[in-house]
Amino acid sequence: MSRLRRFLRTPEAVAGTLLLAVLFAMALSASLLFPGDPQAIAGPALLPPFQDWSLPLGTDRLGRDVLAELFHGARTSLAVGLAAAAAALVVGAIVGTLAGFAGGLVDEVLMRIADAFQTVPGFLLALAFVSVVGPSLGVVVVAIALGTWTGPARIARAEVLSIRERDYVAGARVIGMHPMEIAFREVLPNALPPVLAMSSVIVAAAILTEAALSFLGLGDPNRVTWGGMIAEGRTVLRTAPFLSIVPGIALVLTVLSVYLAGEGIVETTAVRRGLS
Amino acid sequence: MSGFTISRRTMLTGSAMLLASTAMPALAWAQTPKKGGRLVLAADSEPRNLNPAIVASNGVFFISSKIVETLAEASFDGKDGLAPRLAVSWEGATDGLSATFKLREGVKWHDGKPFTSADVAFSALQIWKPLQNLGRTVFKDLTAVDTPDDLTAVFKFAKPTPFQLIRNALPALSSVVPKHVYEVGKIEDNPANNAPIGTGPFKFGEYKAGQYYRLTKNTDYWGKDEPYLDEIIYQVLPDRTSAAAALEAQEIQLAAFSAVPLADLDRISKVPGLKVITKGYEGLTYQLVVEINHRRKELADVKVRQAIAHAIDKDFVVKTVFLGYAATATGPVPKNDPQFYAADVPTYAFDVAKANALLDEAGYKKGADGNRFSLKLLPAPYFNETKQFGDYLRQALAAIGIDAQLVNNDSAAHIKAVYTDHAFDLAVGPPVFRGDPAISTTILVQSGIPDGVPFSNQGGYKNPALDALITKASETLDTTARTDLYKEFQRQVTADLPLINVAEWSFISVASDKVGNIANNPRWAVSNWADTYLAG
């Protein structure tokens, strides 16, 4: 049975993927559908949703179009989520491979560093980093990656520890390959699948962390973010709850879709590995 | 008073509610105050130093003004806008070199010792002049305080000092603390800074960090039959949305200093048993100001500053950011000031075309991307409204081709960035007008102020003519001549725009109908509350 067919047989995975596709479409079409600055004042302040069809989701406290903000916010959320997860996976995989393959002192040092990062809650680390360096998109990505690279690093190390004893690695040694070359060309690719399996969780967590940072006022103030929208809506929660609810729903759907799609992929690949 | 309150009752005094209203006359405002009761109110910050003689700020006064009293308090109908407190009369010498205060008889400190002129002399010379944030400027020429008898204090100045200024400074700057408590050891480290001892109607009870401050009745208070309340509890509610909920649940009876967000006022004014009061803050006017860094070559050009002023729709700001609970500003003195306000100043109407023309004229043409130049904009984080105005200003500047990049900081980082490091192009600040331009307004534009002094001219603005005017006004003794000089000051500031005044706002109280004698002076929230009571 092909992997695609198996994937399509799990309804959660299909739903998650479709939703994710919609979100990507939103993010990519944001500048086409809503050209110009999404934070421009577009109408009267605090217009409720579904009143004026040129502003279908209403406006916020300054009269900015909530729908435009939502589309542009999707872009920030997905960009930060993917970039932070990619950074965490790359750093984690490299550190884990080095530690596992080199062993000895290198392993000790790298793993103690990972321990140090793991003992600090990831969100606190991100919070501290952003408040010291100052909020901007790149800084937020780095801040989130700082707290999440240890997971992939540990898994990669565990995989590498078992792989490096395999015959083909010994073979590579015998033909005189450089240890670095063995580590990154022979060992790492085979250690990757379980690491990548974590990616959906990391992306989802990164999106949530970004939203939480923006909610606390530590996001990039010159960009629309869903967390920032929720924070702004909070001051008028009793009179205009939709300002917090709309981006809140968007956030829930995004995290859910990333997670479901990720799970679907993991399950199909796991079954394949288990059966073969 | 009812003309300033909006409550369900005033709205529904129609015929339909006649039946219900007959059940309520006991709650009418104009009744004789009742004794006893505990007033619970919301506090949104927890100042550690509660000594108002050192830290003259509204956050400290809110709690400590009930414990430590000043020589005089602001008043709606008193002479010169003052009502006597620890001083019963005051007079300035014609040469401006001395001022005489007659003190109240029979006043006792909370620890039982008598209050005398020695306490006033000690507070003025040892605390107000050297240590107090505002007193340092106003009392800079104070050299001695003579005490010919226990109830007379004569302030001596090295240089002629306008008595109008001293008078206007009394409500905020003249908190008297006991000499016998403070004369031992370092004043800044005195335990009484955290558990103040004063002469006021309430004594300091206890403070539980993160929970509450408790003040108890001073049974030995000099005011006849005062205070009415037995206890005041400041419930710490740092979250602004929780104050409204606590009021509705009747857990607290008062939320002052706009603890209830403006957006909630409309809804909460319709809740039975609660009233929204906009009075009682006339003496505490905050100004929404665009601070400008004149070190930027574009902003050093007055045409660019005028263009920015024309780009701001002040009415929109008042209506949208402040939801109508503010007034548009014309210059550095707020419209509601009875002494100094000048209306005949240059004004800048909202006019995007004119703003664009001014920028073209100044030589900053729009580039291919529609932008003329980029600026760093730092909105002060202290108020929701300053942050929101920052968002608005960014859009307003975009409309005239100025690309403003917002930089958000926490309070400490903002103060450092703007007032020490000068790492800003434009900033949004909320300075306070304190009844006299010489107290905290002229330093916003005066040159020669050292780096790091917060809420002063740190934008590198230097205008010798304006500096000369400020110096002349500070030495002018005649009240009329001095007032005229400050009117001229307003005209020069609005013409040259070292900063742009956008709006003036004050605070809103929300209280239970049971709380009586609310907002009966222009600094009510930070006055002593000796006559505040709880009905029924």
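Just so we're clear, the structure is a prediction, and the values are computed from it rather than from any experiment. (Residues numbered from 1 in each chain as written. Chains lettered and ligands numbered in written order. Predicted model: local features only at pLDDT ≥ 70, side-chain atom pairs only at ≥ 80, totals over all residues.)

J.: Residue-level account of the overall build of chain B, with values.
T.: A tally of regular secondary structure across chain B gives 17 helices and 23 strands. Scaling as 2.2 N^0.38, a compact globule of 536 residues should have a C-alpha radius of gyration of about 24 Å, and chain B matches this with 24 Å. In terms of its C-alpha atoms, chain B occupies a principal-axis envelope of roughly 75 × 65 × 40 Å. Across the 536 residues in chain B, those meeting the buried criterion constitute 50%. The contacts in chain B between residues at least 6 apart in sequence include a share of 70% that link residues at least 24 apart. (Helix = DSSP H or I, 4+ residues; strand = E, 2+ residues; numbered from the N terminus. Rg over C-alpha atoms; globule rule 2.2 N^0.38 Å. Buried ≥ 20, exposed ≤ 12 C-beta atoms within 10 Å, placed from the backbone. Contact = placed C-beta atoms within 7 Å.)

J.: Quick one: what's the story with the nonpolar core, residue by residue and with numbers?
T.: Residues and elements named next belong to chain B. Core analysis: the biggest nonpolar cluster contains 93 residues, and Leu 41, Ala 42, Ala 243, Leu 247, Ala 255, Val 260 and Val 510 have the highest contact counts within it. For this core, the element with the highest residue contribution is helix 6 (residues 163–173), accounting for seven residues. Not counting the four nearest positions on each side in its chain, Leu 41 is found in contact with Tyr 234, Gln 235, Ile 252, Gln 253, Leu 254, Ala 255 and Ala 256. (Core = buried A, V, L, I, M, F, W, Y, C linked by C-beta atoms within 7 Å.)

J.: Could you give an account of the packing of helix 8 (residues 167–174) of chain A against helix 9 (residues 179–197) of chain A, naming the residues involved and the relevant values?
T.: If you want to describe how two helices pack, look at the angle between their axes and the distance between the axes. Residues and elements named next belong to chain A. Where helix 8 meets helix 9, the axes come as close as 11 Å, and the angle between the chain directions of the two elements is 150 degrees. It follows that helix 8 is roughly antiparallel to helix 9 by the angle criterion. The hand of the helix 8/helix 9 crossing is right-handed. Residues Tyr 168, Val 169, Ala 172 and Arg 173 of helix 8 pack against Ile 182, Glu 186 and Val 187 of helix 9. Counted by class, the contact of helix 8 with helix 9 contains five nonpolar, no polar and two charged residues. (Axes fitted to C-alpha atoms, helices over the stretch in contact; angles between N-to-C directions. Parallel < 35°, antiparallel > 145°, perpendicular 65-115°, else oblique. Left-handed = near helix turned anticlockwise from the far one by under 90°. Nonpolar A, V, L, I, M, F, W, Y, C, P; charged D, E, K, R; others polar.)

J.: Report on the interface of chain B and chain A, specifying residues and quantitative values.
T.: The partner chain A presents 18 residues to the 17 residues of chain B that form the contact. At the level of secondary structure, the elements contributing two or more residues to the side of chain B that touches chain A comprise helix 8 (240–248), helix 9 (262–268), helix 13 (384–398) and strand 17 (402–406) of chain B.

J.: Tell me about the pairing of strand 5 (residues 87–92) of chain B, residues and numbers included.
T.: Residue and element names in this part refer to chain B. For strand 5 and strand 6 (residues 98–103), the ladder comprises five bridges, and the chain directions are antiparallel. The residue of strand 6 that forms the bridge with Ala 87 is Leu 103. From the end of strand 5 to the start of strand 6, which pair antiparallel, there are five residues, and Gly 96 there has a positive phi angle of about 75 degrees. (Pairing = 2+ DSSP bridges.)

J.: So what's going on with helix 3 (residues 66–102) of chain A? Residues and values would help.
T.: Count 3.6 residues to each turn of an α-helix, and residues three or four apart come out pointing the same way. Residues and elements named next belong to chain A. Relative to the 54 Å expected for 37 residues at 1.5 Å per residue, helix 3 spans 53 Å between its end C-alpha atoms, a close match to the ideal helical length. For helix 3, the buried fraction is high: 28 of the 37 residues fall into the buried class. Positive backbone phi, approximately 65 degrees, marks Gly 103, located one or two places after helix 3. (Expected span 1.5 Å × (residues − 1).)

J.: Kindly report on helix 12 (residues 352–361) of chain B, identifying the contributing residues and their values.
T.: Residues and elements named next belong to chain B. Along helix 12, the positions that sit buried rather than exposed are Ala 355, Leu 358 and Leu 359. Across the axial projection of helix 12, the buried residues extend over an arc of 95 degrees, all falling on one side. Buried residues in helix 12 make contact with helix 10 (302–311). Looking at the residues trailing helix 12, positive phi occurs at Gly 363, about 95 degrees. (Arc of directions from axis to C-beta.)

J.: Report on unusual backbone geometry, specifying residues and quantitative values.
T.: Residue and element names in this part refer to chain B. The omega torsion across Glu 226 and Pro 227 is -5 degrees, close enough to zero to call that bond cis. With respect to the helices, strands and loops of the structure, Pro 227 is situated in the loop between strand 10 (212–217) and strand 11 (231–236). Its identity as a non-glycine residue notwithstanding, Gln 250 has a phi of 60 degrees, on the positive side. Within the secondary structure, Gln 250 sits in the loop between helix 8 and strand 12 (254–255). Of note, the phi angle at Trp 529 is positive, near 60 degrees, even though the residue is not glycine.

J.: How would you sum up the packing of helix 6 (residues 137–148) of chain A against helix 10 (residues 199–215) of chain A? Please name residues and give values.
T.: Residue and element names in this part refer to chain A. As a packed pair, helix 6 and helix 10 sit with axes 10 Å apart at the nearest point and diverge in direction by 130 degrees. Judged by the inter-axis angle, helix 6 sits oblique to helix 10. The way helix 6 lies across helix 10 gives a crossing that is right-handed. Residues Val 140, Ile 144 and Thr 148 of helix 6 form the contact with helix 10, whose own contacting residues are Ile 202, Ala 205, Ala 206, Thr 209, Glu 210 and Leu 213. Class assignment for the residues of the contact of helix 6 with helix 10 results in six nonpolar, two polar and one charged.

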